[in-house]
Amino acid sequence: MFIRLILAVFLVVLSGCGSGCTSVPKAFVEGEQAAYGAIAPIYERYVKGDDTLTKEERENRLRTVRAWKFALDKHAEAAGE
């Protein structure tokens, strides 16, 4: 469930970058930054501490968080922040 939420948010962020991350509303960026700030640290702790994950599964999940941050930074840049 949590992974699906992360992926859904990530896809929303990436969908906005399909057109080169232009004309991104500042409110959208602020909302995404708030979501990232609330979700990413908890999710990273969970992933790093979950002994049932394989090394590959752990790396894939952490890569997703890094990709989300990358897309968020691009949106912030496009919004002039």
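Use the structure listed above.
Keep in mind that what you see is a predicted model, and the values were worked out from it rather than measured. (Residues numbered from 1 in each chain as written. Predicted model: local features only at pLDDT ≥ 70, side-chain atom pairs only at ≥ 80, totals over all residues. Heavy atoms only, no water.)

Asks: Can you help me understand the pattern of salt bridges in this one?
Replies: Any two side chains of opposite charge can pair, so long as their charged atoms come close to each other. Under the counting rule described, the total for this entry stands at two salt bridges. Notably, a salt bridge pairs Glu44 with Lys48, separated by 3.9 Å at the nearest N-O pair. Of this pair, Glu44 and Lys48 both sit in helix H2 (residues 26-49), separated by four residues, roughly a single helical turn. Look at Glu44 and you get partly exposed, because its relative accessible area is 24%. (Salt bridge = Lys/Arg side-chain N within 4 Å of Asp/Glu carboxyl O. Helix = DSSP H or I, 4+ residues; strand = E, 2+ residues; numbered from the N terminus. Buried < 20%, exposed > 50% of the residue type's maximum accessible area, 1.4 Å probe, protein only.)

Asks: Quick question: what am I supposed to make of the packing of aromatic side chains here?
Replies: What characterises a pair of aromatic rings is the spacing of the ring centres plus the angle enclosed by the ring planes. Considering all chains together, one arrives at two aromatic pairs under this definition. Judged by centre distance (5.0 Å) and plane angle (80 degrees), the ring pair of Tyr36 and Trp68 falls under edge-to-face. Separated by 32 residues along the polypeptide, Tyr36 in helix H2 and Trp68 in helix H3 (residues 55-78) bring together distant segments of the chain. You can call Tyr36 buried: its relative accessible area is 15%. Taking 5.9 Å as the distance between ring centres and 40 degrees as the angle between the ring planes, the aromatic pair formed by Tyr43 and Tyr46 counts as tilted. Note that Tyr43 and Tyr46 are positioned in helix H2 at a spacing of three residues, about one turn of the helix. For Tyr46, a relative accessible area of 36% gives the class partly exposed. (Phe/Tyr/Trp six-rings, centres within 6.5 Å; stacked < 30°, edge-to-face > 60°.)

Asks: What is the right way to read H3 from this model?
Replies: Side chains three or four residues apart in an α-helix point the same way, a direct result of the helix having 3.6 residues per turn. Between its first and last C-alpha atoms H3 spans 35 Å; for 24 residues at 1.5 Å apiece the expected length is 34 Å, and the two agree. Of the positions making up H3, those classed as buried are Leu62, Thr64, Val65, Trp68, Ala71, Leu72, His75 and Ala76. Downstream of H3 by one or two residues, Gly80 has phi in the positive range, about 85 degrees. (Expected span 1.5 Å × (residues − 1).)

Asks: Would you mind going over the packing of H2 against H3 with me for this structure?
Replies: Packed helices, taken two at a time, are described by the angle between their axes plus the distance between the axes. Where H2 contacts H3, the axes come no closer than 10 Å and their chain directions differ by 165 degrees. As far as their axial angle goes, H3 and H2 are roughly antiparallel. Viewed along their axes, H2 and H3 form a crossing whose handedness is left-handed. Residue-level inspection shows Phe28, Val29, Glu32, Gln33, Ala35, Tyr36, Ile39, Ala40, Tyr43, Glu44, Val47 and Lys48 of H2 in contact with H3, the latter providing Arg58, Arg61, Leu62, Val65, Trp68, Lys69, Leu72, His75 and Ala76. (Axes fitted to C-alpha atoms, helices over the stretch in contact; angles between N-to-C directions. Parallel < 35°, antiparallel > 145°, perpendicular 65-115°, else oblique. Left-handed = near helix turned anticlockwise from the far one by under 90°. Contact = heavy atoms within 4.5 Å.)

Asks: What's the story with the nonpolar core in this structure? I'm lost.
Replies: In globular proteins that are soluble, nonpolar side chains generally tend to be buried together. The biggest cluster of nonpolar side chains holds ten residues, and these are Tyr36, Ile39, Ala40, Tyr43, Val47, Leu53, Leu62, Val65, Trp68 and Leu72. Listed by contribution, the elements that provide at least two residues to this core are H2 and H3. When residues of this core are assigned to their parent elements, the largest contribution, five residues, is made by H2. (Core = buried A, V, L, I, M, F, W, Y, C linked by side-chain atoms within 4.5 Å.)

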